[in-house]
There are 2 protein chains.
Amino acid sequence: MKTSIEHIRDKISKKGLKVTPQRICILEAIYDLDNHPTADNITEYIRETHPNIATGTVYKVLETLVENNLIKKVKTDRDIMRYDGIIEAHHHLYCSECDLIEDYMDHELDELLKDYFKKKKFPGFKLEDIVVQIRGTFDKC
Amino acid sequence: MKTSIEHIRDKISKKGLKVTPQRICILEAIYDLDNHPTADNITEYIRETHPNIATGTVYKVLETLVENNLIKKVKTDRDIMRYDGIIEAHHHLYCSECDLIEDYMDHELDELLKDYFKKKKFPGFKLEDIVVQIRGTFDKC
DNA sequence: GTATGTGCAAACTTTTTGCACTTCG
DNA sequence: CGAAGTGCAAAAAGTTTGCACATAC
């Protein structure tokens, strides 16, 4: 079995991108930092072990990873972009009290929505993707 | 029947807020600019008729209106906040090609989701609100 | 070797803040 | 009149850019 880092190298390489230390550790950081980190969270985390990474590089790498579908951007109410290492379609639970965003996978819900929108046509609109945002409060918050 | 402006004054007044010209015209601007305007769109629009409004004021007023549930913030993939004059629960169609966001009201969908999540409990999470983001491409774009 | 990627610092955009002045009720 | 709201300008926060240098392949 491959190590985690080798998996990451593979993922980057398969997209035809150069495998650089910066790209490896940024992708690794997103997988490690599981609460949908901001660019700043990622930069801080990486600097612990890799102090020379530049802010600009982090943003450039994140943009490249998003374009190549290795990570996703997550919309929030705030004006800060957050990133998600899970690229399979999934939904999110947003906490009203704090900035926690929890992943929510629900295949049954996906089927339900797919069926619903199959009969419900939008004239002049080609449907690509449906994301459900579930807002509420976690007891722990 | 009341004029539109009187309606707007009423809405502000009913929240216990002072009815100022700035608040009136910002709320009016959001109703007029129907594609979920940014703070900047709103400022520009208002300055046509009311050149002295300050950027800071626009942000402060928008924040007040959001807090008092007279408007809503709309999440986007970009890092710009947009505002929505419709406060009733509704969903959005997002265009992948441009920055168009169209309102989508669908009571049947709301019922479907309400029923679905009634049986589907989230332990440790109090559900407040569900918003469906429908991404796709408009033919016109 | 060469195309691609990175570091750095400066610039840019969007949003927030503090405080004196003004206005609504 | 007094509490609440606004204007202004400065600063903060987040992100982008340009270019010389470095590196993966």
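Note: the structure precedes this text.
Cut-offs used in this document
Residues numbered from 1 in each chain as written. Chains lettered and ligands numbered in written order. Predicted model: local features only at pLDDT ≥ 70, side-chain atom pairs only at ≥ 80, totals over all residues. Heavy atoms only, no water. Phe/Tyr/Trp six-rings, centres within 6.5 Å; stacked < 30°, edge-to-face > 60°. Helix = DSSP H or I, 4+ residues; strand = E, 2+ residues; numbered from the N terminus. Buried < 20%, exposed > 50% of the residue type's maximum accessible area, 1.4 Å probe, protein only. Lys NZ or Arg CZ within 6 Å of the ring centre and 35° of its normal. Core = buried A, V, L, I, M, F, W, Y, C linked by side-chain atoms within 4.5 Å. Contact = heavy atoms within 4.5 Å.

J.: Got a minute to help me understand the packing of aromatic side chains in this structure?
T.: Two aromatic rings, taken as a pair, are described by how far apart their centres are and by the angle between their planes. In this structure the tally under the stated criterion is 10 aromatic pairs over all chains. Between Phe122 of chain A and Tyr104 of chain B the ring centres are 5.1 Å apart and the planes differ by 65 degrees, which places this aromatic pair in the edge-to-face class. Of this pair, Phe122 of chain A sits in the loop between α5 (107-119) and β5 (125-138) while Tyr104 of chain B sits in strand β4 (residues 101-104), which puts the two residues in different chains. Both residues of the pair, Phe122 of chain A and Tyr104 of chain B, count as buried. An aromatic cluster is defined as three or more aromatic residues linked by ring pairs; in this entry it consists of Tyr104 and Phe138 of chain A together with Tyr116, Phe117, Phe122 and Phe125 of chain B. Just above the ring of Phe138 of chain A sits the side chain of Lys140 of chain A; from NZ or CZ to the centre is 5.4 Å.

J.: I'm lost on the nonpolar core in this one. Help?
T.: Soluble, globular proteins show a tendency: their nonpolar side chains are buried together. Formed by 28 residues in total, the largest nonpolar core has its most connected members in Phe117 of chain A together with Phe117 of chain B. If you list the elements that add at least two residues to this core, you get β3 (91-95), α5 and β5 of chain A together with β3 (91-95), α5 (107-119) and β5 (125-138) of chain B. For Phe117 of chain B, the residues in contact, after removing those within four places along its chain, are Tyr104, Leu109 and Ile134 of chain A together with Phe122, Leu127 and Ile130 of chain B.

J.: So what exactly am I meant to see when it comes to the environment of Tyr59 of chain A here?
T.: Within the secondary structure layout, Tyr59 of chain A lies in helix α4 (residues 55-67). When the C-alpha atoms of Tyr59 of chain A and Asp40 of chain A are compared, they prove to be 9.5 Å apart, with 19 residues separating the residues in sequence.

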